[in-house]
Amino acid sequence: MSSAGTVLEHPVVTGVRDAVAGLTGACGAPTWQLSDAEVETGLASLLDLEAKAAALRAGLLREAEVRDLHSRTRAPSVEHWLGDRFRLSRADAAARMRSASVLGRHPTVEAALARGEVTVEQATVVTAALDRVALLPEVSGDDLADAASFLVAQCTVLVPRDLARAGQAVVEALTVSPSEDDPADAAAVERDLARAEADAQAAERNELRVTRHRGRLRALLDLGTLGEATLLAWLRDADKPHPGEDGFEDERPLGERRGDALVDLLATAAATAQAPQPAEPAPVSPIALLTVTTTLAELQDGLSGAGRLDTDGTLSAATLRQLACDALLVPAVLGEPSEVLDLGRTTRVWNRAQRRAVALRDRGCVAPGCDRPPENCQVHHSWHWSDGGPTDLCNAALLCGFHHRMVHRQGWEIVLAGDGYPVLIPPPTIDPEQRPRQHHRFRLTLLTGRHRE
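Residues numbered from 1 in each chain as written. Predicted model: local features only at pLDDT ≥ 70, side-chain atom pairs only at ≥ 80, totals over all residues. Heavy atoms only, no water.

Asks: Could you clarify how one ought to interpret the pattern of salt bridges in this entry?
Replies: Counted according to the given criterion, the structure contains 15 salt bridges. With its nearest N and O atoms 2.5 Å apart, the salt bridge here joins Asp48 to Lys52. Of this pair, Asp48 and Lys52 both sit in helix α2 (residues 36-66), four residues apart, which is roughly one turn of that helix. Note on Asp48: relative accessible area 29%, which makes it partly exposed. Put simply, Asp431 and Arg435 hold a salt bridge, and the shortest N to O gap is 2.9 Å. You can call Arg435 partly exposed: its relative accessible area is 43%. Each of the salt bridges in this network shares a partner with another, and the network as a whole consists of Asp431, Glu433, Arg435 and Arg437. (Salt bridge = Lys/Arg side-chain N within 4 Å of Asp/Glu carboxyl O. Helix = DSSP H or I, 4+ residues; strand = E, 2+ residues; numbered from the N terminus. Buried < 20%, exposed > 50% of the residue type's maximum accessible area, 1.4 Å probe, protein only.)

The following block contains the structure:
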């Protein structure tokens, strides 16, 4: 109450009323008189207002539920009261109450929404991911808080679709096997590991379904991790048109080229099977060359998902042992010099060893949110070769074709951050503060350190 005896309204009421009054005046003004910069500024301010309004609405809806405001009208629930009082459908009222409840479980996201740092759609994606994190075993409150801070930070560079991928990566990174510290849990741990290994092997099974439709055979492939990586590697050659000129150009559609290449492969395999076999069969080169990263300890301990392909897929211990027995893999020896990886200014072209090394480090395009695997990427000179940059690993970064062109066209810089992974720095025309952006796959190590020790 003021000194004059008048009642002062709460800041929530006055703030909302002033915002409504301001918008009422703005809605009557003609937008065609705005400059381009004013249009952009107006949209940015409205998105900021939407976020702040959503955070405030969530708090008010939770307060209405705590106070049982629906009991005043004898409505059976807050959703019914909300719909009747503000002319909302039951579905809309229920959705608003669910959103308020979810934001209440994740105050870090609600606070970011109130500051206008995330959009309403981004907040929905982040809270959905955090709800999944909260259900994981052995995840503490600190883990959940770290995950929330990580995903909120990613909102500055990721659109909702890519943010959902980052959320999935957080869930996978915080999913850990049980500990064997307590001997009483040894049997349960063994069962969990066996189940995980069986699930991993089931996910790696390859299945081919063949049906006949109108006199033609149709095939459907359902491939596991290794089968998918092998097929993709084979397709890199099968998709290439055959060379030819003067009427012999290969103008077949992509699907036809793949079909013909597969038939040729099967015909060769059938002919080889029927031919007399020598006493010592000659070694057969694998169709695809794959790089698998693992450690000897993980291979011997039988950890599920211990191996990782250069396509970023994981393999079970059984498949790893099979590959090691058949010697159909390229071992990635980390920490020991086996090939020359730095060439300085002697050549502009990256050699095979360098490409393999940068693929193991970056595991795909380094542009935030991009999920293109190494085989769909090019090795970029962070310090351009034309400007004196060396052909060394510290000057390399994987970029898909789209983002490679974007980096050159818009003038992005790429440097190695303190964590040893590439970070992208936008030009001032995109971000005047030139805040660095790094792919979430590298930043996830901050969340998983305590789980992988």
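Asks: Any chance you could explain helix α14 (residues 352-362) here in plain terms?
Replies: Owing to its 3.6 residues per turn, the α-helix aligns residues three or four sequence positions apart on the same side. Across the eleven residues of α14, eight count as buried, placing the element largely inside the fold. Along α14, the residues that are buried comprise Ala353, Gln354, Arg356, Ala357, Val358, Ala359, Arg361 and Asp362.

Asks: Explain the packing of aromatic side chains to me, please; I cannot follow it from the model alone.
Replies: Where two aromatic rings form a pair, the distance of their centres and the angle of their planes describe that pair. For the structure shown, the criterion picks out two aromatic pairs. For the ring pair Trp81 and Phe86, a centre distance of 6.0 Å and an interplane angle of 85° mean the geometry is edge-to-face. With relative accessibility at 13%, the residue Trp81 sits in the buried group. Here Phe86 falls in the partly exposed class, since its relative accessible area comes to 40%. On the numbers, 4.5 Å between centres and 5° between planes, the contact of Tyr421 with Phe442 is stacked. Placement of Tyr421 in the loop between β9 (413-416) and β10 (422-425) and of Phe442 in helix α16 (residues 440-443) is noted, with a sequence separation of 21 residues between them. (Phe/Tyr/Trp six-rings, centres within 6.5 Å; stacked < 30°, edge-to-face > 60°.)

Asks: Honestly, the environment of Thr429 in this entry has me stumped. Any pointers?
Replies: By the secondary structure assignment, Thr429 is in the loop between β10 and α16. For the pair Thr429 and Gly411, spaced 18 residues apart in sequence, the C-alpha to C-alpha distance is 9.4 Å.

Asks: Quick question: what am I supposed to make of the nonpolar core here?
Replies: For soluble globular proteins, nonpolar side chains are generally found buried alongside one another. Of all hydrophobic cores here, the largest spans 41 residues; its most connected members are Leu113, Leu151 and Val170. Breaking this core down by element, the ones donating at least two residues are α2, α3 (78-86), α4 (90-105), α5 (107-114), α6 (120-134), α7 (141-154) and α8 (160-174). If you tally residues by element for this core, the top one is α8, at seven residues. Among residues more than four places away in sequence, those in contact with Leu151 are Val126, Ala129, Leu130, Leu163, Ala166, Gly167 and Val170. Within the second largest apolar cluster, 22 residues are counted, among which are Ala396, Cys400, Leu424 and Phe442. (Core = buried A, V, L, I, M, F, W, Y, C linked by side-chain atoms within 4.5 Å. Contact = heavy atoms within 4.5 Å.)

Asks: Quick question: what am I supposed to make of the side chain of His439 here?
Replies: With respect to the helices and strands, the residue His439 is situated in the loop between β10 and α16. By relative accessible area, His439 is classed as buried at 3%. Separated by 3.1 Å, the side chain of His439 and the backbone nitrogen of Arg441 make a polar contact. His439 has contacts with Cys365, Val366, Ala367, Pro368, Gly369 and Cys370, leaving out every residue within four places of it along the chain. (Polar contact = N/O pair within 3.5 Å; in protein donor to acceptor, adjacent residues only side chain to side chain.)

Asks: How should helix α15 (residues 401-410) be read in this particular structure?
Replies: Of the positions making up α15, those classed as buried are Gly401, His403, His404, Met406 and Val407. Buried residues in α15 make contact with β7 (377-381), β8 (396-400), β9 and β10.

Asks: What is the right way to read the pairing of β9 from this model?
Replies: A regular strand places its side chains on the two faces of the sheet in alternate fashion. Here β9 runs beside β10; their pairing, made up of four bridges, is antiparallel. Across the sheet, the residue bridging to Ile414 is Leu424, located in β10. Here β9 folds back onto β10, and the loop between the two strands holds five residues, one of which, Gly420, carries a positive phi near 90°. (Pairing = 2+ DSSP bridges.)

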